[in-house]
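Chains, contacts and geometry: an overview
Letter by letter, the chains look like this.
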Amino acid sequence: MKAIVAADRNWAIGYQGGLLVSIPGDHRMFRKETLNKVVVYGRKTLETFPLSQPLEKRTNIILSTNRSLSVKGAVVVHSIEELLDEARQYDTDDVYVIGGAAVYRQMLPYIDTAIVTKVDYEYHADVWFPNLDRDPDWVMAGEGEEQTYFDVPYTFVTYKRK
Ligand SMILES: NC(=O)c1ccc[n+]([C@@H]2O[C@H](COP(=O)([O-])OP(=O)(O)OC[C@H]3O[C@@H](n4cnc5c(N)ncnc54)[C@H](OP(=O)(O)O)[C@@H]3O)[C@@H](O)[C@H]2O)c1
């Protein structure tokens, strides 16, 4: 399984239910990477999508404790065990954990690759991705060219579990 995330210098990923920054080049990479694949995310992340709708042209798996939640175009699961069970039918390389913080944190043990858009800035934030630079189980495996969106520098970085 993979994780895909945009994080700032301190591995911050969100504030007050939203993203820290919206970078078109990052959205394009996310779309290209996840199209026709399986995306796994928490109910709060669903609420950040336009009209709170699942992502088109992808298999959507949403985690929620709410057993009466039903989302057209998505499968709702109610625990990590149920999620792992549901994901088992797909090639593990095709399954992308796309957030948010609670889901990244719980799914990290099952993730072997993290595709990180590292934004070289410090935002005010209230949610973070686990710091893979400080995690001895992880190593940086590849780094793209630095790009900029207006004055914001960002780089696509891949981390692998050792
Ligand atoms: N920078 C990025 O790449 C990125 C990507 C995604 C999200 N984000 C940001 O992350 C923030 C949202 O993260 P978050 O941690 O607050 O929320 P989240 O992980 O998106 O969703 C949390 C919700 O998922 C459900 N859930 C989590 N673990 C579960 C479990 N073990 N069993 C059943 N349900 C479970 C619960 O839903 P119920 O409450 O319905 O039970 C929980 O409230 C936002 O600011 C968002 O913009 C950033």
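Residues numbered from 1 in each chain as written. Predicted model: local features only at pLDDT ≥ 70, side-chain atom pairs only at ≥ 80, totals over all residues. Heavy atoms only, no water.

1. Topic: the site of the ligand
We count it as follows: Neighbouring residues are identified by heavy atoms, a residue being near a molecule or strand if any of them is within 4 Å of it. Any pair of nitrogen or oxygen atoms within 3.5 Å is treated as a polar contact; in protein, a donor-acceptor pairing is required on top of that, and neighbouring residues in sequence qualify only through side-chain atoms on both sides. Only the protein chains shown count as cover for residues, with accessible areas throughout obtained via the Shrake-Rupley method and a probe of 1.4 Å. Think of it this way: any DSSP run of H or I at least four residues long counts as a helix, any run of E at least two long counts as a strand, and we number them from the N terminus. Under the convention adopted here, Pro, Cys and the residues Ala, Val, Leu, Ile, Met, Phe, Trp and Tyr are nonpolar, Asp, Glu, Lys and Arg are charged, and Gly plus all remaining residues are polar.
In the neighbourhood of the ligand, 28 residues make up the surrounding shell, with R43, T45, S64, T65 and Q106 lying closest. S64 places a side-chain nitrogen or oxygen 2.6 Å from an oxygen atom of the ligand. The side chain of Q106 places a nitrogen or oxygen atom 2.8 Å from a nitrogen atom of the ligand. Burial of the ligand by the surrounding chains reaches 85%, relative to a free accessible area of 940 Å². Of all elements in the fold, only strand 1 (2-8), strand 2 (12-14), helix 2 (43-46), strand 6 (95-99) and helix 4 (101-107) reach the threshold of two or more residues within the shell around the ligand. With five residues, the single largest contributor to the shell around the ligand is helix 4. Across the shell around the ligand, the residue classes tally to 13 nonpolar, 13 polar and two charged.

2. Topic: the environment of R31
Applied cut-off: Each residue gets one of three labels from its accessible area relative to the maximum for its type: buried under 20%, exposed over 50%, partly exposed in between, using a 1.4 Å probe on protein chains only. We call two residues contacting when some pair of their heavy atoms lies within 4.5 Å.
Structurally, the position occupied by R31 is in helix 1 (residues 24-34). In this structure R31 comes out as partly exposed when scored by relative accessible area, which is 38%. Along the backbone, R31 and F150 are 119 residues apart, and their C-alpha atoms lie at a distance of 21 Å. Filtering out sequence-adjacent residues up to four positions away, R31 remains in contact with K57 and R58.

3. A closer look at the pattern of salt bridges
Here is the rule: The term salt bridge refers to a pairing of a side-chain nitrogen on Lys or Arg with a carboxyl oxygen on Asp or Glu at a separation within 4 Å.
Counted under the stated rule, the structure contains five salt bridges. Close ionic contact of D120 with R9 constitutes a salt bridge, the shortest N to O distance being 2.7 Å. Here the residue D120 occupies a position in the loop between strand 7 (113-119) and strand 8 (127-128), and R9 occupies one in the loop between strand 1 and strand 2, the gap between them amounting to 111 residues. For D120, a relative accessible area of 35% translates into the label partly exposed. We note a salt bridge from R9 to E122, for which the minimum N-O separation is 3.5 Å. Of the two residues, R9 is situated in the loop between strand 1 and strand 2 and E122 in the loop between strand 7 and strand 8; the sequence distance between them amounts to 113 residues. Overall, R9 belongs to the partly exposed group, its relative accessible area being 47%. Each of R9, D120 and E122 takes part in salt bridges that share partners, so that together they form one network.

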